[in-house]
Amino acid sequence: MVANHSFLTWDRLSLATRLKATLICSILAMIMMLLASRPVFAGGEPAEDFIKQLRAAGYHDIAIRYLDQLKEYPGVDESLIQAVPLEKANTYIDAAGSARTVPEIDELLVKADSALKEFLKNDSHPRASEARIQLGGLQMYRANFLLQGKVDEEKKTRARESFLAAAATYDTIIKDLRGKLEEMQGAKLDPNKPELKTLRDRYRIDYVDAKLKAGNSRRLAVKTLANPAKDGKATIDEAMALFKELEDKYSDNAAGAFALLHLGQMNEMIGKKKEAIDFYLKMLEQVDADALRSPKYEATSGLIRIWLAENPPDWKRSVERGQAMINDLRPDEKLTPQVFELKLELAKAYIAQSKDTKDQKKPEIAKADRSGRSLLTEIEKYPGMHAEETAKLLKELGVDASAASLAELPKAEKPESLADALTKARTLLEAISGMKEAVKLIGTPKDDVQKAELEKIEKQTKESRLIAIQILVYGVSMVGPDTDLEMLREAKYFLSYLLYEESRFRDAAVVGNSLTRSAPGTDYGLKGGLFALEAYRRLYLEAPETSTASLTDQLKDIADYLMKTWPDDPSAASGQGIMIKLALQKENWAEAKKLIEKMPAGAERAMFQRLMGQLLWNQSVIARHEGKDAEAAELLKNAEKELISGLEGIKSGLVEMEGMRAALVLAKVQLKMSEDAKALSTLDHKTYGPLALVEKLGSEEDTFKGDLFGTELQVLVSRMTADGADTDKLLTRATKSMEKLRDSYKGEDGQKRLTSIYMGMANDLKEELKSAAPAKKDKLIRAFRVFLSQIAETSKDPATLKWIFQTMVQLGEAAMTNPEAKADGLAKELLETAATTYEKIGSTDSESSISVRFQLGRTYRLLGRYSDSLNVFEGILKEKPTMLVAQVEAALAYEQWAAELPDHHAPKAYSTAMMGGRPGPDKKNVIWGWGRIAQLTNGKEQFKDMFFEARYHVAFTRFMSGKRSKNEKLMKQAIADINTTVNAYSDLGGPALKQKHDALIREIQKATNQPVTGL
């Protein structure tokens, strides 16, 4: 261990600064010469490409000067000259991404804002939409930037103004796109111009995105107020309206999911904790998609905040939920603001646990304390919104993070030569290696003494590393004509390694790149290239989006160089792997496939094929949710091909968790493609089948096990419908699978997760039934019914019974030809089983969710148990009177009940269906009836179909009331009801509804002895 550094005194920064200044001056001189003498090509000045190259290289000042002089160059496109302010704005934004000081960044962002507003004075320019989107994003970025670090009221005011300016910008985008979309409504598009449909689809996506951002910018603006609920009510209402619209209209895609998150955040902000929890949990139940990972981290943070605010703090649920999310983190997510926030909230939960001495043993309390401190220490070194609170918490725990970070860095004395520098660096590296071994031996500190020793060793390691870097920088600068090249290469190798270890990735990349280019074919050259490659990758992951383009080029350049220079070395192929990951990240499947095919056959290529297959599966799920069935089917086919190839590349006995996951995804793909026999074969495969291997490998991941056994269950049920299937054998195995599935989930959160899986399985079954051929549909229903009935007879588990109930309802409805009629045959049997199952839940689950009770009420109606149905809906509507689907079901229950009553009771029941009934404490009807449903949905686009249905039923129930009471005047009044609707809305909501109204008016005309003319 290095104890004495008295020979190290010279400030490393002075030399580094001089070297950098000399290099930059040389480069600038060359660029200025280039600018002064650039030739004019036949096609004019290649200005746009040159601007991009300058930005990519980081020469932002030169790019601005070039743009200022652009109009003086001959041959430059007039559109680009008009776009000079926009290009300047892009340059300023790019420069802000690499700026180091707060004032510098703020100044650049102000300039970018000014340039964009200057450009938008000409709103007819083809790039105006791009500029508006850029301006909105910039205003949001500026506002968020102002809220970093120490924030006072003046900063909050400026940030709020910037958020509201962004909201205004997005409002303008919404208005502009709404106009364009109205001009491009379906019938107005030229069928000979398919590009117009593509453009319309693009506008729709941008329109929804702008609405989401318009709401979010308002949410963030209100968040800066001391009392948001009081001082920002108007802005809150505007944001809530935008988010609710997105939730209602786009619940099956990313915009709707993000809206759920923001509705949770808004309700949390104004103190509506129950509503906030509901929205956060809905967000977490969304489909597993890459785009939704970050918002799920935010939703989890929100839940933890609310739970910890309870008295006493609910740290148990907070720790369980938060730690599960942290365990699932991907490497490229660890430095995102959402993860920093989640780790901060989780740290608070651990601290709360450490303070709760009731029913906890001392080791558990100590572990919680260590976990909280560890999370805070981990995120303290990174800037962001979390920084101030993190530092405050550490200080409360007795850790002065700021003092440690401000400690004076060690300084190194200049070595006598490169050989001297290398000798001293080797000594320090040996010491660093020894200290790392000491850290491993200590492991997790068991007491304060060990903890202090660990902190001391880590501090000495860092100091030694910084000193070694300085020494090597000095040594490399002493290169002369007689320098030993092997010694120089070794020094550069050590330097790139130490810079990487110190997280100075850009410097590590520069040194590693220099080494690999100067030593092609050598071992040091390869090692230097690999350091450069990995450093560029880390920079890419941490860089803002505006800076990733140049890093992608640099990554590709070094990866190609390594492959060409060391074609037979497997480690050189890792560059190809990084490029594949980037292509996959950008969803550039064709490029990823091309890169994979270039790789030599082997384990690494197979691994990337498995990765690509899994990502294609994820994309197919998203495409299917967006209604792009043809695209989803093509993605599934490609996913199956890649996964099979990748899994066949696994050698027997070498399967790890990653391979098991890939095999599980392949089974899901095959199940979705109706290849259930293949899916079962995949799950049972002797080499990579996860069912055979999961216990052997001892996987502790309950989530994976649950997913695996849930998929097995779906496959087995699907196999029961095959010709010649051994149903008894499959049923026995399915029952065991169900038991394993239940055992995979423990505790309250586990049961919620299990229930979520059951719900998902029920919904998947419903989707399959929609497209199943009649013969298979009948088999599928009957097989599933036998299976579910057997479990229902033996299970007392509320989650299982609830799932069986919901699935039986789905099956019963799928077996019906008319969902508004009374069930009979197989449908009746299924719904009766569903009702019996729910009634069994009653003693174990008295607080079923509204959605489950709604299904029960609907089940009773379909079975003709109208009184029971209305009792259920009355209970629901007392809690949630504006639940329109429940109001419709209740009105329909009265209407259908009336049809079965004798003539002396039927008229009153029909009248109740129309006018409403069951008065509440305020004497107002809890069940509205068709009349009020029509009144409240009139003029609301999202309830258009419901309005016309309600108007139809107003006329129908009035007619039936008159018919059963032999009141001709009342029957004729029903004709007036229809004519009133026709006069206001001639299309009556579309052909189907118009046909229903026409049939009804004909029936009334016939019953009242009028000419049967219809509408």
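Notes on the structure in this doc start here. The numbers attached to residues start from 1 for each chain and follow its sequence in the written order. The predicted origin of the model limits local features to residues at a pLDDT of at least 70 and limits the giving and counting of side-chain atom pairs to 80 or more, whereas totals for whole chains, interfaces and linings rest on all residues. Neither water nor hydrogens contribute to the side-chain values; these are computed over all heavy atoms in the structure.

### Focus: the overall build of the protein
Then step 1. For the purposes of this entry, the term helix denotes a DSSP run of H or I that reaches at least four residues, the term strand denotes a run of E that reaches at least two, and both are numbered from the N terminus. When its secondary structure is counted, the protein shows 46 helices and 2 strands.
Then step 2. Relative to its full complement of 1015 residues, the protein shows a buried share of 48%.
Then step 3. Contact between two residues is taken to exist if any of their heavy atoms lie within 4.5 Å; hydrogens are not considered. By sequence separation, contacts in the protein at least 24 residues apart represent 62% of the contacts at least 6 residues apart. Accessible area is worked out with a 1.4 Å probe on protein chains only. A residue is then buried under 20% of its type maximum, exposed over 50%, and partly exposed in between.

### Focus: the nonpolar core
Then step 1. One finds Leu708, Trp930 and Ile933 to be the most contacted residues of the largest nonpolar core, which totals 76 residues.
Then step 2. Excluding anything up to four places from it in sequence, Leu708 contacts Leu664, Leu683, Pro690, Leu691 and Val694.
Then step 3. Nonpolar core, defined: a set of buried Ala, Val, Leu, Ile, Met, Phe, Trp, Tyr and Cys residues in which side-chain atoms within 4.5 Å join the residues together. Listed in part, the 52 residues of the second largest apolar core include Ala255, Ala259, Met283 and Trp315.

### Observations concerning helix 45 (residues 968–984)
Then step 1. Here helix 45 spans 25 Å end to end across 17 residues, near enough to the 24 Å set by a 1.5 Å rise per residue.
Then step 2. For helix 45, the full list of buried residues reads Met971, Ala974, Ile975, Asp977, Ile978 and Thr981. With its buried residues spanning 145° around the axis, helix 45 presents them on a single face. The outward face of helix 45, more than 90 degrees from its buried face, is lined by the exposed residues Lys969, Asn983 and Ala984.
Then step 3. On its buried face, helix 45 sits against helix 44 (944–965) and helix 46 (991–1007).
Then step 4. Any N or O atom pair separated by 3.5 Å or less is treated as a polar contact, with the protein-specific requirement of one donor-capable and one acceptor-capable atom, and with residues adjacent in sequence counted only for side-chain atom pairs. Capping the start of helix 45 is the job of one residue whose side-chain oxygen sits 3.2 Å from the backbone nitrogen of Lys969: Asn967. To estimate how far a helix should reach, multiply one less than its number of residues by 1.5 Å. Taken from the helix axis, the directions to the C-beta atoms give the arc we talk about.

### Regarding the pattern of salt bridges
Then step 1. Between Lys or Arg on one side and Asp or Glu on the other, a salt bridge is scored when a side-chain nitrogen of the former is within 4 Å of a carboxyl oxygen of the latter. Counted by the stated rule, this structure contains 52 salt bridges.
Then step 2. Lys156 is the salt-bridge partner of Glu153, the closest N and O atoms lying 3.8 Å from each other. Remark: Lys156 and Glu153 occur in helix 8 (residues 153–183); sequence separation between them is 3 residues, near one turn of the helix.
Then step 3. Look at Lys156 and you get partly exposed, because its relative accessible area is 27%.
Then step 4. In this structure, the salt-bridge partner of Glu378 is Lys343, at a minimum N-O distance of 2.3 Å. A residue pair is termed long-range when its members are at least 10 positions apart, and Glu378 in helix 17 (residues 362–380) and Lys343 in helix 16 (residues 337–355) qualify at 35 residues.
Then step 5. For Glu378, a relative accessible area of 33% translates into the label partly exposed.
Then step 6. For Lys343, a relative accessible area of 4% translates into the label buried.
Then step 7. Salt bridges sharing common partners tie together Asp684, Glu712, Arg733 and Lys740.

### What to know about helix 13 (residues 273–284)
Then step 1. Its 12 residues give helix 13 an end-to-end C-alpha distance of 16 Å, which sits within 8% of 16 Å, the value for a rise of 1.5 Å per residue.
Then step 2. Among the residues of helix 13, those classed as buried are Ala276, Ile277, Phe279, Tyr280, Met283 and Leu284. Angular distribution of buried residues about the axis of helix 13 spans 165°; they occupy a single face of the element.
Then step 3. Check the buried side of helix 13 and you find it contacts helix 11 (233–249), helix 12 (254–269), helix 14 (293–308) and helix 15 (315–327).

### Structural notes on the packing of helix 39 (residues 850–862) against helix 41 (residues 884–900)
Then step 1. Structural elements are reduced to axes, namely lines fitted to C-alpha atoms, with helices fitted over the stretch in contact, and the angle between N-to-C directions of any two is expressed from 0 to 180 degrees. In contact at an axis separation of 10 Å, helix 39 and helix 41 are set at 20° when each is read in the N-to-C sense. Relative to helix 41, helix 39 is oriented roughly parallel. In the crossing of helix 39 with helix 41, the sense of the turn from one axis to the other is left-handed. For the pair helix 39 and helix 41, contact is made by Phe854, Arg858 and Arg861 and by Val885, Ala886, Glu889, Leu892, Ala893 and Gln896, respectively.
Then step 2. For this classification, Asp, Glu, Lys and Arg are treated as charged, while Ala, Val, Leu, Ile, Met, Phe, Trp, Tyr, Cys and Pro are nonpolar and the rest, including Gly, are polar. Classifying every residue of the contact of helix 39 with helix 41 gives 5 nonpolar, 1 polar and 3 charged. Convention used here: angles under 35 degrees read as roughly parallel, angles over 145 as roughly antiparallel, angles from 65 to 115 as roughly perpendicular, and any remaining angle as oblique. Note on convention: near helix rotated counterclockwise from far helix by under a right angle means a left-handed crossing. Clockwise means right-handed.

### A look at the packing of aromatic side chains
Aromatic ring pairs: the centre-centre distance and the angle between the two ring planes describe each pair.
Then step 1. Centres within 6.5 Å make a pair out of two Phe, Tyr or Trp rings, where for Trp the six-membered ring is used; the pair is then stacked when the planes are under 30 degrees apart, edge-to-face when over 60, and tilted otherwise. A full pass over the atoms with the stated rule returns 14 aromatic pairs.
Then step 2. Ring centres of Tyr493 and Tyr524 lie 5.6 Å apart, and the angle between their planes is 45°; this geometry places the pair in the tilted category. With Tyr493 in helix 22 (residues 485–501) and Tyr524 in helix 24 (residues 523–542), the pair connects residues that are 31 residues apart, well separated along the chain. In this pair, the class of Tyr493 matches that of Tyr524, namely buried.
Then step 3. Site record: aromatic cluster; members linked through ring pairs are Tyr493, Phe494, Tyr497, Tyr500, Phe505, Tyr524 and Phe531.
Then step 4. Consider the ring centre and the ring normal. A charge sits over the ring if Lys NZ or Arg CZ is within 6 Å of that centre and within 35 degrees of that normal. A cation over an aromatic ring shows up here: Arg517 above the ring of Tyr561, its NZ or CZ 4.3 Å from the ring centre.

### Considerations on the environment of Leu831
Then step 1. Tracing the backbone through its elements, the reader meets Leu831 in helix 38 (residues 825–841).
Then step 2. The spacing of Leu831 and Gly812 is 19 residues in sequence and 5.4 Å in space, taken between C-alpha atoms.
Then step 3. In this structure Leu831 touches Met808, Val809, Gly812, Met816, Ala823, Thr859, Leu862 and Leu863, once residues within four positions along its chain are discounted.

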